[in-house]
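The residues making up each chain are set out below.
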Amino acid sequence: MDGIKRSCQLFILADKLFAMSMKIKEVDAYIDKSAAFAQPVLQHIRKLVHATCTDVEEKIKWSAPHFDYMGPLCGMASFKQHCAFGFWKATLMKDPILKQTAESEVAMGHLGRIASLKDLPAKKKLQQWIREAMQLNADGIKLPPKAKETTPKTLEIPDYMLKALAKHKKAFARFEAFSFSHKKEYVEWITGAKQEATRERRLAKAIEQLADNKSLNWEYQAKKK
């Protein structure tokens with residue numbers, strides 16, 4: 001009898017160790033650094049994903065936790081006042097609201113702003129979505145290619161930024177040579193400053209970096225390499 005009990009204990013321990021091995025310390029660190037309100041939300045999502053998909057693999061992509069199963073499955077993120085959770089192939093899933101939110105691309109994540117556990121759908125509903133996303137990957141169903149934009153992209157650059165750049169020919173030339181996305185990063189970073197003093201500091205730093213042919217997030221990109 002003692003032998004059977006001992007075997008059961010070893011089995012339970014092995015099962016726990018296997019579950020732990022499927023989790024990575026980078027996700028632990030991400031959750032620990034998140035705001036207090038976000039931690040139980042992220043822990044709940046993480047636990048539910050693992051419980052539903054026992055072969056799921058954790059990864060950090062775009063600086064946030066993601067879960068892979070035969071390809072990208074879903075991901076979560078935390079911000080100052082809310083969390084986000086979404087599925088890689090949400091546009092192919094059956095739930096009309098989930099699909100519409102994904103197609104509109106108006107929010108990061110497909111469940112809207114999640115500020116507490118109360119904002120999450122029922123456990124049964126979430127597990128249903130996770131299983132559906134798993135099946136899409138298992139069946140090898142791929143997302144359709146994105147349609148090419150037919151209208152040219154436009155970027156509104158404030159006059160004060162243009163005037164400042166005009167005084168630094170090298171920085172202005174570098175800015176003009178940058179891709180649309182890199183230009184947009186700089187413009188949104190500068191115009192996003194709430195105070196004029198902050199805006200001026202960002203503008204000065206932007207000109208300094210541009211003169212060295214550096215994108216806004218060059219330090220982060222260099223670390224990734």
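What you see is a predicted model; the values in this text were computed from it and never measured.

For the pair helix H6 (residues 159-166) and helix H7 (residues 169-177), the least separation of the axes is 7 Å and the interaxial angle reads 120°. When the axes of H6 and H7 are compared, the pair comes out oblique. Here Met161, Leu162, Leu165 and Ala166 of H6 lie close against H7, whose contacting residues are Lys169, Ala171, Phe172 and Phe175. In the contact of H6 with H7, the residues fall into seven nonpolar, no polar and one charged.

This brings us to the pairing of strand S2 (residues 64-68). Burial analysis of S2 places five of its five residues in the buried class, the great majority of the element. Side chains Ala64, His66 and Asp68 project from S2 onto one buried face, and the interleaved Pro65 and Phe67 project onto a second face that is buried too. Two elements, strand S1 (residues 57-61) and S2, share five bridges in a ladder whose sense is antiparallel. Residue pairing across strands places lysine 59 opposite histidine 66, the latter belonging to S2. Connecting S1 to the antiparallel partner S2 that follows it, the hairpin turn spans two residues, and tryptophan 62 within it adopts a positive phi of roughly 50°. As defined by bridge partners, S2 adjoins strand S3 (residues 72-78) across three bridges and the pair is classed as antiparallel. The residue bridging phenylalanine 67 from the neighbouring strand is cysteine 74, located in S3. Counting the residues between successive antiparallel strands, the hairpin from S2 to S3 contains three residues, one of them, methionine 70, with a positive phi of roughly 55°.

Calculation rules
- Residues numbered from 1 in each chain as written.
- Predicted model: local features only at pLDDT ≥ 70, side-chain atom pairs only at ≥ 80, totals over all residues.
- Heavy atoms only, no water.
- Axes fitted to C-alpha atoms, helices over the stretch in contact; angles between N-to-C directions.
- Helix = DSSP H or I, 4+ residues; strand = E, 2+ residues; numbered from the N terminus.
- Parallel < 35°, antiparallel > 145°, perpendicular 65-115°, else oblique.
- Contact = heavy atoms within 4.5 Å.
- Nonpolar A, V, L, I, M, F, W, Y, C, P; charged D, E, K, R; others polar.
- Buried < 20%, exposed > 50% of the residue type's maximum accessible area, 1.4 Å probe, protein only.
- Pairing = 2+ DSSP bridges.

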